[in-house]
Amino acid sequence: VELLDFKGEDLFEDGGIIRRIKRKGEGYSNPNEGATVEIHLEGFCGGRRFDCKDVKFVVGEGEDHDIPIGIDKALEKMQRGEHCILYLSPRYGFGEAGKPKYGIQGNTELVYEVTLKSFEKAKESWEMDTKEKLEQAAVVKEKGTMYFKEGKYLQAVIQYGKIVSWLEMEYGLSEKESKASESFLLAAFLNLAMCYLKLREYAKAVECCDKALGLDQDNEKGLYRRGEARLLMNEFELAKCDFQKVLEVNPQNKAAKSQISVCQKKTKEHNERDRRIYANMFTKFAERDAKEAASKTGVEKTTEKVACEKGPKTSG
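Under an unreviewed UniProt entry, the name given to the protein chain is peptidylprolyl isomerase, and the source organism is Toxostoma redivivum. If you open the UniProt record of the protein chain and go to Catalytic activity (unreviewed entry), you find "[protein]-peptidylproline (omega=180) = [protein]-peptidylproline (omega=0)".

Draft legend 1. Main features of the overall build of the protein chain. Scanning the protein chain from terminus to terminus reveals 8 helices and 6 strands. Going residue by residue from the N terminus, the α and β elements of the protein chain occur as β-β-β-β-α-β-β-α-α-α-α-α-α-α. Against the compact-globule benchmark of 20 Å for 316 residues, the protein chain has a radius of gyration of 30 Å, which places it well outside the compact range. Buried positions account for 39% of the 316 residues belonging to the protein chain. For the protein chain, contacts bridging at least 24 residues in sequence account for 62% of all contacts bridging at least 6. For the protein chain, the accessible area works out to roughly 19,000 Å², and carbon and sulfur atoms hold 50% of it. Each charge sign in the protein chain was given a centre, from 54 positive and 55 negative side chains, and these centres are 5 Å apart.

Draft legend 2. Spatial organisation of the sheet that holds strand 3 (residues 36-45). Spatial ordering of the open sheet is given by 1-2-5-6-3-4, a layout of 6 strands whose pairing is antiparallel. The open sheet terminates on both sides in strands that have one partner only, identified here as strand 1 (9-10) and strand 4 (48-58). Inspection of the sheet shows strand 3 paired to strand 4 by 10 bridges, in the antiparallel sense. Bridge pairing in strand 4 links Val37 to Phe57.

Draft legend 3. Inspection of helix 5 (residues 202-215) at higher detail. Here helix 5 is 14 residues long and its end C-alpha atoms lie 20 Å apart, about the 20 Å a rise of 1.5 Å per residue gives. Regarding helix 5, the residues found buried are Tyr202, Ala205, Val206, Cys208, Cys209, Ala212 and Leu213. Buried residues of helix 5 fall within an arc of 165 degrees about the axis and therefore sit on the same side. In this fold, the buried residues of helix 5 make contact with helix 4 (175-198) and helix 6 (220-232).

Draft legend 4. Local environment of the pairing of strand 6 (residues 110-120). As paired elements, strand 3 and strand 6 share 9 bridges and run antiparallel to each other. In the sheet register, Phe44 faces strand 6, and the bridge partner there is Val111. Strand direction decides the pairing type here: strand 5 (residues 83-88) and strand 6, joined by 6 bridges, are antiparallel. Bridging from a neighbouring strand, His83 pairs with Thr115 of strand 6.

Draft legend 5. How the structure looks around the pattern of salt bridges. The tally for this structure, following the rule as stated, stands at 23 salt bridges. The partner of Arg19 in a salt bridge is Glu9, with the nearest N and O atoms 2.7 Å apart. A residue pair is termed long-range when its members are at least 10 positions apart, and Arg19 in strand 2 (residues 17-23) and Glu9 in strand 1 qualify at 10 residues. Residue classification places Arg19 among the buried residues on the basis of a relative accessible area of 8%. Here Glu9 falls in the partly exposed class, since its relative accessible area comes to 39%. Salt-bridge contacts for Lys133 lead to Glu170; the nearest nitrogen and oxygen are separated by 2.7 Å. Taken together, the residues span a long stretch of sequence, with Lys133 in helix 2 (residues 130-149) and Glu170 in the loop between helix 3 (153-167) and helix 4 at a distance of 37 residues.

Draft legend 6. Looking closely at the UniProt feature "domain: PPIase FKBP-type" (unreviewed entry) in the protein chain. According to UniProt, the "domain: PPIase FKBP-type" (unreviewed entry) feature falls on residues 34-120. For the annotated span residues 34-120, helix accounts for 8% and strand for 44% of the residues, and the straight-line distance between the end C-alpha atoms is 9 Å.

Draft legend 7. Local environment of the environment of Lys131. Following the sequence through the fold, Lys131 ends up in helix 2. C-alpha separation for the pair Lys131 and Arg288, spaced 157 residues apart in sequence, amounts to 73 Å.

Draft legend 8. The pairing of strand 3, seen in detail. Burial along strand 3 is one-sided: Val37, Ile39, Leu41, Gly43 and Cys45 are buried, and none of Thr36, Glu38, His40, Glu42 and Phe44, which face the opposite way, are. The loop that links strand 3 with its antiparallel partner strand 4 comprises 2 residues; one of these, Gly46, has a positive phi angle of about 60 degrees.

Draft legend 9. Region of interest: a positive patch on the surface. Together, Lys265, Lys266, Lys268, Arg273, Arg275 and Arg276 make up a positively charged patch on the protein surface. Structurally, Arg275 is set in helix 8 (residues 254-310).

Draft legend 10. Region of interest: the nonpolar core. Residues Ile39, Ile71, Leu75, Leu86 and Tyr112 are the most contacted members of the largest nonpolar core, which totals 62 residues. The element contributing the most residues to this core is helix 4, with 11 residues. Two domains share this core, each providing at least three of its residues, namely domain 1 (10-120) and domain 2 (125-267). The contacts of Ile39, once residues within four sequence positions are left out, are Lys53, Asp54, Val55, Phe57, Ile71, Leu75, Val114, Thr115, Leu116 and Lys117.

Conventions we followed
- Residues numbered from 1 in each chain as written.
- Predicted model: local features only at pLDDT ≥ 70, side-chain atom pairs only at ≥ 80, totals over all residues.
- Heavy atoms only, no water.
- UniProt positions renumbered as here; feature names shortened; annotations may be inferred.
- Helix = DSSP H or I, 4+ residues; strand = E, 2+ residues; numbered from the N terminus.
- Rg over C-alpha atoms; globule rule 2.2 N^0.38 Å.
- Buried < 20%, exposed > 50% of the residue type's maximum accessible area, 1.4 Å probe, protein only.
- Contact = heavy atoms within 4.5 Å.
- Areas by Shrake-Rupley, 256 points an atom, 1.4 Å probe, with all protein chains shown as cover.
- Lys, Arg positive; Asp, Glu negative; His and termini not counted.
- Charge placed at Lys NZ, Arg CZ, Asp CG, Glu CD.
- Pairing = 2+ DSSP bridges.
- Expected span 1.5 Å × (residues − 1).
- Arc of directions from axis to C-beta.
- Salt bridge = Lys/Arg side-chain N within 4 Å of Asp/Glu carboxyl O.
- Patch = residues over 30% accessible without salt bridge, like charges linked within 9 Å, V, L, I, M, F, W, Y side chains within 5 Å.
- Core = buried A, V, L, I, M, F, W, Y, C linked by side-chain atoms within 4.5 Å.
- Domains from an automatic or database assignment.

Here you go:
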């Protein structure tokens with residue numbers, strides 16, 4: 001049988017995870033990030049089954065059990081007892097690295113059949129006190145760093161994002177708690193910016209750097225990473241300003257000096273390209289106007305000639 005067309009639910013409206021439900025789940029509750037889930041899954045690649053197991057794990061840490069990030073994401077949309085088929089793009093599968101353990105090459109689409117057998121939700125932010133949030137922030141920061149070093153950037157984003165969700169809107173802290181909270185938030189925003197740079201999501205990287213610089217306006221890493229993101233977004237002048245600010249903070253930063261040269265070179269190339277485009281545009285406009293003028297002149301001459309040939313009628 002050849003599958004000519006397939007329509008399912010696009011879970012995140014980016015084409016990355018498509019779900020087709022084979023059996024609906026029960027109730028209205030879904031696992032959240034950090035929930036403990038028990039699932040049965042079967043993984044397929046090119047029609048070959050490469051994985052089949054019952055497994056219990058924490059949502060957001062599926063990679064520890066050789067489960068791709070797309071399964072973690074999809075579980076947050078599933079209900080207890082649900083049985084579905086998930087079609088994962090490479091971004092939500094095993095990415096560029098693939099999974100040699102299963103003989104899967106990089107940038108490969110995957111299909112999983114998943115049953116959510118049971119789950120226990122993690123505590124929501126409002127259910128945790130400040131002490132617990134700070135303790136957990138230290139734990140997930142280490143997990144995020146581990147994932148980042150392994151090149152698992154989406155998994156790292158989940159971990160660092162937890163720190164932001166727990167502490168960004170936390171008020172009424174003691175001086176000691178406030179310092180600890182700011183330290184965790186600053187590290188989380190800087191690390192998220194680095195993750196988004198790796199994921200080529202430059203606007204999000206800039207946003208995280210802005211948040212970090214809101215906590216520490218002269219943060220060298222925040223300025224440099226924002227400059228990197230802006231440079232990759234072709235915002236050369238803004239990027240140059242960021243790298244110049246880096247040098248104000250640390251005149252010995254050789255990488256920033258080098259990036260300023262890159263910005264100047266890119267700006268010059270961009271301006272020259274614009275000049276060529278506009279020069280060609282003006283040339284084309286001039287040629288078009290000349291043709292229109294010539295055509296108009298030709299019509300006028302023809303009209304005049306016809307009028308002369310007819311001439312006034314005279315009686316003989």
